[in-house]
Amino acid sequence: MEKMLLALSGKLSHTKGKKVYGYLKRDVKNLVDRIIDEIAEDERVDALYKEWNKWQGEIRKFYENSPEKQVPLSQCAAFKSLKNLIISEAMQISHNVRSTEWIQGEVAVREPSVFFATVRLMTGLQKIFQEEFRKENRTGRYHIDRKRRKKLTERRRAQGHRTDDHEPEQQIEG
């Protein structure tokens, strides 16, 4: 992974414009995706991602009849921020290498900056997973977006429920 991060760092140093995944050329995007795929091969990350997919599958079962196939981590939209995190770490490596080259002349110390970037990437990935697992537990209820709520309402209507068919709230007498 270190070699791919260094390669990405080199490509990003020659790239003009925004250094955000959506604005990069296809070959740079492919390199970022390969880095994510290599991260996903780690057994701990793989176990976390499988658990997250299992959790998402339970939620999807409520809204859809057929479960969605598990996509690779590099293609999962929920973890798009990981791509930009990798890009920012590669930019940091590029910046650190240039500063050490300027200070030390011909000798460039690359290993420590790549090692620390890898550690920061894994820490960032941990934070992303924690945020994804906590998303649904913020309010104690599942968040339903407009489109899903509309589909659910249509499904209820098809089953014979009225649109304002709610259970009466229970009053606590004290």
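Residues numbered from 1 in each chain as written. Predicted model: local features only at pLDDT ≥ 70, side-chain atom pairs only at ≥ 80, totals over all residues. Heavy atoms only, no water.

Draft legend 1. Fine view of the overall build of the protein. Helix and strand counts for the protein come out as six helices and zero strands. Mapped from its N terminus to its C terminus, the protein presents α and β elements in the order α-α-α-α-α-α. Per-residue burial for the protein yields a buried fraction of 31% across its 174 residues. Put simply, of all contacts in the protein between residues at least 6 apart along the chain, 71% involve residues at least 24 apart. (Helix = DSSP H or I, 4+ residues; strand = E, 2+ residues; numbered from the N terminus. Buried < 20%, exposed > 50% of the residue type's maximum accessible area, 1.4 Å probe, protein only. Contact = heavy atoms within 4.5 Å.)

Draft legend 2. Spatial organisation of the pattern of salt bridges. Under the defined criterion, the tally for this structure stands at five salt bridges. Put simply, Asp-46 and Lys-50 hold a salt bridge, and the shortest N to O gap is 3.3 Å. Here the residue Asp-46 and the residue Lys-50 both occupy positions in helix 3 (residues 43-63), the gap between them amounting to four residues, near one helical turn. Exposure remark for Asp-46: the relative accessible area of 27% places this residue in the partly exposed category. Taken together, the shared-partner salt bridges in this structure form one network comprising Arg-26, Asp-33 and Lys-83. (Salt bridge = Lys/Arg side-chain N within 4 Å of Asp/Glu carboxyl O.)

Draft legend 3. Local environment of the packing of aromatic side chains. Taken as a whole and judged by the stated rule, the model has three aromatic pairs. Between Tyr-49 and Phe-79 the ring centres are 6.0 Å apart and the planes differ by 70 degrees, which places this aromatic pair in the edge-to-face class. Here Tyr-49 is found in helix 3, whereas its partner Phe-79 is found in the loop between helix 3 and helix 4 (80-104), with 30 residues between them in sequence. The exposure class of Phe-79 is buried, given its relative accessible area of 1%. Of the aromatic side chains, those joined through ring pairs into one cluster are Tyr-49, Trp-52 and Phe-79. Positioned above the aromatic ring of Tyr-21 is the side chain of Lys-29, whose terminal nitrogen or guanidinium carbon lies 5.4 Å from the ring centre. (Phe/Tyr/Trp six-rings, centres within 6.5 Å; stacked < 30°, edge-to-face > 60°. Lys NZ or Arg CZ within 6 Å of the ring centre and 35° of its normal.)

Draft legend 4. How the structure looks around a negative patch on the surface. Taken together, the side chains of Glu-2, Asp-37, Glu-38 and Glu-41 present a region of like negative charge at the surface. Along the chain, the position of Glu-41 falls in the loop between helix 2 (26-40) and helix 3. (Patch = residues over 30% accessible without salt bridge, like charges linked within 9 Å, V, L, I, M, F, W, Y side chains within 5 Å. Areas by Shrake-Rupley, 256 points an atom, 1.4 Å probe, with all protein chains shown as cover. Lys, Arg positive; Asp, Glu negative; His and termini not counted. Charge placed at Lys NZ, Arg CZ, Asp CG, Glu CD.)

Draft legend 5. Spotlight on the nonpolar core. Core analysis: the biggest nonpolar cluster contains 34 residues, and Leu-8, Ile-35, Leu-73, Phe-79 and Ile-86 have the highest contact counts within it. At the level of secondary structure, the elements contributing two or more residues to this core comprise helix 1 (2-13), helix 2, helix 3, helix 4 and helix 5 (111-135). When residues in this core are grouped by element, the largest group, seven residues, is from helix 2. Among residues more than four places away in sequence, those in contact with Ile-35 are Met-1, Met-4, Leu-5, Leu-8 and Ile-86. (Core = buried A, V, L, I, M, F, W, Y, C linked by side-chain atoms within 4.5 Å.)

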